[in-house]
Amino acid sequence: MAPGFHAGLDGPVLAWRLPRPLLAISSGPLGGGIGLRHWVLNATVPLSYDRDDPEAHLREIADRLGLTGPGCGLLTGVDVRLVAHRADSGVEVWATTGIGSAPTWAAAPAAAAAPRVGTINAVCALPVRLADAALVNAVATVAEAKAQALLEGGVPGTGTCTDATVLLCPPDGPAESYGGPRSAVGAPLARAVHAAVTAGLR
């Protein structure tokens, strides 16, 4: 399920053309929520990016690449050619780690203006199906592992205000009930995310 690199509208694009539709949960601007997805995009945009239609922008990129059916799309200010890939016990993670000029604390006081950010995006493939509740739990596991990597890397924040995650799993088969960091799937997911974000910080 390795991604391919392509030229995008503003910069390079990572594209995963899935061999079959997979069940996804995503917080990205295109294809967010839970459902079957046929592809995933992670596209580089300038740190000065100011389009207010990221969903339409990602659809334009998908159309240029000939991607059909529902998919997930992410944007980041970091060059996606610097993607870090890590695997652990059947889990695969691809992370693009852009912290921009001002990483943020999740519970920071309200700011007058959002800082320029690079965005940390994680695309994760799981070897077995997860129940919907477990998928939501696994998204939290990704966030916890990312925050741990940033803390250990000396980054003064838990991420950026535009970080996004895509989790993919088979749509059939027995469903795992748990996705937390000590669960059968969540534990290797946490380790792989931690390792990929740590590598990206370097």
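Residues numbered from 1 in each chain as written. Predicted model: local features only at pLDDT ≥ 70, side-chain atom pairs only at ≥ 80, totals over all residues. Heavy atoms only, no water.

> Help me understand the overall build of the protein, please; the structure alone is not making it clear to me.
A count of helices and strands for the protein gives three helices and eight strands. For the protein, the N- to C-terminal ordering of α and β elements is β-β-β-α-β-β-β-β-α-β-α. For the protein, whose C-alpha radius of gyration is 16 Å, the value lies close to the compact-globule estimate of 17 Å for 202 residues. C-alpha extents for the protein along the principal axes are approximately 45 × 40 × 30 Å. (Helix = DSSP H or I, 4+ residues; strand = E, 2+ residues; numbered from the N terminus. Rg over C-alpha atoms; globule rule 2.2 N^0.38 Å.)

> Sorry if this is basic, but what is going on with the packing of aromatic side chains here?
Counting across every chain of the model gives one aromatic pair. Ring centres 5.7 Å apart and planes at 70° place the aromatic pair W16 and W94 in the edge-to-face group. Within this pair, whereas W16 is found in strand β2 (residues 12-26), its partner W94 is found in strand β6 (residues 91-98), the two being separated by 78 residues in sequence. Here W16 matches W94 in class, with each residue buried. (Phe/Tyr/Trp six-rings, centres within 6.5 Å; stacked < 30°, edge-to-face > 60°. Buried < 20%, exposed > 50% of the residue type's maximum accessible area, 1.4 Å probe, protein only.)

> Hey, could you run me through the packing of helix α2 (residues 132-152) against helix α3 (residues 186-201) in this one?
When two helices pack together, their arrangement is given by the angle between their axes and by how far apart the axes lie. Remark: α2 packs on α3, axes separated minimally by 8 Å, with the N-to-C direction vectors making an angle of 40°. One finds that α2 runs oblique with respect to α3. With respect to the hand of their crossing, α2 and α3 are arranged in right-handed fashion. Together, A138, T141, V142, A145, K146, Q148, A149, L150 and E152 of α2 and G186, L189, A190, V193, H194, V197, T198 and L201 of α3 make up the contact between the two elements. Looking at the contact of α2 with α3 residue by residue, the classes come out as ten nonpolar, five polar and two charged. (Axes fitted to C-alpha atoms, helices over the stretch in contact; angles between N-to-C directions. Parallel < 35°, antiparallel > 145°, perpendicular 65-115°, else oblique. Left-handed = near helix turned anticlockwise from the far one by under 90°. Contact = heavy atoms within 4.5 Å. Nonpolar A, V, L, I, M, F, W, Y, C, P; charged D, E, K, R; others polar.)

> Is there a simple way to explain unusual backbone geometry in this structure?
Keep in mind that most residues, glycine aside, have a negative phi and that most peptide bonds are trans. With phi around 55°, S89 is a residue other than glycine that occupies positive phi space. With respect to the secondary-structure elements, S89 resides in the loop between β5 (84-88) and β6. By relative accessible area, which is 58% here, S89 ends up exposed.

> Sorry if this is basic, but what is going on with the pattern of salt bridges here?
Oppositely charged side chains can form a pair if their charged atoms are brought close together. Counted by the stated rule, this structure contains seven salt bridges. Across the pair R20 and D172 runs a salt bridge, and its minimum N-O distance is 3.3 Å. Placement of the pair is R20 in strand β2 and D172 in the loop between β8 (164-169) and α3, with a sequence separation of 152 residues. Owing to a relative accessible area of 43%, D172 belongs among the partly exposed residues under this scheme. (Salt bridge = Lys/Arg side-chain N within 4 Å of Asp/Glu carboxyl O.)

> Which parts of the structure should I look at to understand the nonpolar core?
Most often, soluble globular proteins keep nonpolar side chains buried together rather than apart. Counting residues in each nonpolar core, the largest one holds 29 residues, and the members touching the most others are V93, C124, L189 and V193. Sorting the residues of this core by element identifies β2, β6, β7 (119-125), α2, β8 and α3 as the ones contributing at least two each. Residues in contact with C124, not counting those within four places in the same chain, are E92, V93, V142, V166, L167, L168, L189 and V193. In terms of nonpolar packing, the next biggest core, distinct from the first, is built from 15 residues, C72, A125, V166 and L168 among them. (Core = buried A, V, L, I, M, F, W, Y, C linked by side-chain atoms within 4.5 Å.)

> What is the right way to look at α3 in this model?
Two residues of an α-helix separated by three or four positions point the same way, owing to the 3.6 residues in each turn. For α3, which comprises 16 residues, the first-to-last C-alpha distance of 22 Å matches the rise-based estimate of 22 Å (1.5 Å per residue) to within 8%. Next to the buried residues of α3 lie β5, β6, β7, α2 and β8. (Expected span 1.5 Å × (residues − 1).)

> In this structure, what is going on with α2? I would like to understand it.
The terminal C-alpha atoms of α2 lie 31 Å apart, and with 21 residues this matches the ideal 30 Å at 1.5 Å per residue to within 8%. Among all positions of α2, only A134, L135, A138, T141, V142, A145, K146, A149 and L150 are buried. Buried positions along α2 lie against β2, β7, β8 and α3. G154 sits one or two residues past α2 and shows a positive phi near 80°.

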